[in-house]
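Residues per chain, in single letters:
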Amino acid sequence: DVKVTQSSRYLVKRTGEKVFLECVQDMDHENMFWYRQDPGLGLRLIYFSYDVKMKEKGDIPEGYSVSREKKERFSLILESASTNQTSMYLCASSIPDGQGGNEQFFGPGTRLTVL
Amino acid sequence: AQSVTQLDSHVSVSEGTPVLLRCNYSSSYSPSLFWYVQHPNKGLQLLLKYTSAATLVKGINGFEAEFKKSETSFHLTKPSAHMSDAAEYFCVVRGGNSGGGADGLTFGKGTHLIIQP
């Protein structure tokens, strides 16, 4: 089974802190994604990566950055956390599929609270 | 750009009665469509997917969805609801609005399914 793990289930940080959210997948997937989930808004894509050291902005990248130094690990970084970044963060991975229909496998999520 | 609209934010049904969760999509090309489910305090799980093969797609736990191009719809159904079906359901189209590239996904805002005993 594909397994996507995230470093923390719950995290509480203070405004202005630098925050690292870690994601690891064990199936050698090329694609990795970071989403945030907010009530009534569904999931919104923050950043994604197609390969090591490669990153692309998603729909809401402002206030975030990412790092992918190894194929299995994709980190989301909040350079200076703000209260409007309080949210559930979900990591996902997938195999590239030019034909369409590729399934994304999701981690359990990290619920981040910024005070 | 691709988008999906889930027509109901909440749906409440009695146990044993049919379930209908509605989704309309917009796509500039032949879409790949998915339904994901999220149970409380659990990760997202793929229910089913449509990728231009059969228009009636069967998924896990007795769910199915029908792709109707003329109506741009991909509604999720189940003949008989079970208490364990209570969850958040997301309709998803492949391809991002402005990001995610060809492999990205665009999610609807979700439908919360409530099962009454």
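Residues numbered from 1 in each chain as written. Chains lettered and ligands numbered in written order. Predicted model: local features only at pLDDT ≥ 70, side-chain atom pairs only at ≥ 80, totals over all residues. Heavy atoms only, no water.

**Thoughts on the overall build of chain A**
Then, in step 1: On a plain count of helices and strands, chain A comes out with zero helices and eleven strands.
Then, in step 2: Sequence-ordered secondary structure for chain A, helices as α and strands as β, is β-β-β-β-β-β-β-β-β-β-β.
Then, in step 3: Here the C-alpha radius of gyration of chain A, 13 Å, is about what a compact globule of 115 residues would show, namely 13 Å.
Then, in step 4: The C-alpha extent of chain A, read off along each of the three principal axes, is 40 × 30 × 25 Å.
Then, in step 5: When each of the 115 residues of chain A is scored for burial, the buried share is 48%.
Then, in step 6: In chain A, 56% of the contacts between residues at least 6 apart in sequence involve partners at least 24 apart.
Then, in step 7: Only carbon and sulfur atoms are counted for the fraction: they give 50% of the accessible area of chain A, which is about 5,500 Å².
Then, in step 8: Side-chain charges of chain A comprise 15 positive and 16 negative groups, with the mean position of each set lying 8 Å from the other. (Helix = DSSP H or I, 4+ residues; strand = E, 2+ residues; numbered from the N terminus. Rg over C-alpha atoms; globule rule 2.2 N^0.38 Å. Buried < 20%, exposed > 50% of the residue type's maximum accessible area, 1.4 Å probe, protein only. Contact = heavy atoms within 4.5 Å. Areas by Shrake-Rupley, 256 points an atom, 1.4 Å probe, with all protein chains shown as cover. Lys, Arg positive; Asp, Glu negative; His and termini not counted. Charge placed at Lys NZ, Arg CZ, Asp CG, Glu CD.)

**Some remarks on the sheet that holds strand S8 (residues 73–78) of chain A**
Residues and elements named next belong to chain A.
Then, in step 1: With respect to topology, four strands assemble into an open sheet ordered S1-S3-S8-S7, the strand pairing being antiparallel. Each edge of the sheet is formed by a strand with only one pairing partner; in this case those strands are strand S1 (4–6) and strand S7 (64–70). Direction aside, neighbouring strands of the sheet carry axes that sit 20 degrees apart on average.
Then, in step 2: In terms of strand pairing, S1 meets strand S3 (residues 19–25) through three bridges, oriented antiparallel. Bridged to Val4 within S3 is Gln25. (Pairing = 2+ DSSP bridges. Axes fitted to C-alpha atoms, helices over the stretch in contact; angles between N-to-C directions.)

**Here we look at the pairing of strand S1 (residues 3–6) of chain B**
Residue and element names in this part refer to chain B.
Then, in step 1: Covered by surrounding structure in S1 are Val4 and Gln6 only, the residues Ser3 and Thr5 on the alternate face being uncovered.
Then, in step 2: The sheet contact formed by S1 and strand S4 (residues 23–26) spans four bridges and is antiparallel. When the bridges of S4 are listed, Val4 appears paired with Tyr25.

**Quick word on the nonpolar core**
Then, in step 1: Ranked by size, the top nonpolar core spans 26 residues in total, and within it Trp35, Leu76 and Tyr89 of chain B carry the most contacts.
Then, in step 2: Per element, the largest residue contribution to this core is four residues, and it comes from strand S10 (residues 87–94) of chain B.
Then, in step 3: One finds Leu11, Met32, Tyr64 and Tyr89 of chain A within the second-largest nonpolar core, a separate group that totals 20 residues. (Core = buried A, V, L, I, M, F, W, Y, C linked by side-chain atoms within 4.5 Å.)

**Observations concerning the confidence of the model for chain B**
Then, in step 1: Taken over all residues, the pLDDT of chain B has a mean of 89, while the share at 70 or more is 92%.
Then, in step 2: No element of chain B has a lower mean pLDDT than strand S11 (residues 105–107) of chain B, at 86, and none a higher one than strand S3 (residues 19–21) of chain B, at 98. (pLDDT = per-residue confidence, 0-100.)

**A closer look at the state of the cysteines**
All names here are of chain B.
Then, in step 1: Under the definition given, this model contains two disulfides over all chains.
Then, in step 2: Residue pairing for Cys23: its cysteine sulfur links by disulfide to Cys91, the two sulfurs lying 2.0 Å apart. Around the S-S axis, the bridge from Cys23 to Cys91 shows a dihedral of about -70 degrees and counts as left-handed. Highlighted residues: Cys23 in strand S4 and Cys91 in strand S10, separated in sequence by 68 residues. (Disulfide = S-S within 2.5 Å.)

**Notes on the pattern of salt bridges**
Residues and elements named next belong to chain A.
Then, in step 1: Taken as a whole and assessed by the stated rule, the structure comprises ten salt bridges over all chains.
Then, in step 2: With its nearest N and O atoms 2.5 Å apart, the salt bridge here joins Lys53 to Glu69. With Lys53 in the loop between strand S5 (42–49) and strand S6 (56–57) and Glu69 in strand S7, this residue pair connects regions lying 16 residues apart in the sequence. This pair shows no difference in class: Lys53 is exposed, exactly as Glu69 is.
Then, in step 3: Salt bridges linked by common partners bring Asp28, Glu30 and Lys71 together as one network. (Salt bridge = Lys/Arg side-chain N within 4 Å of Asp/Glu carboxyl O.)

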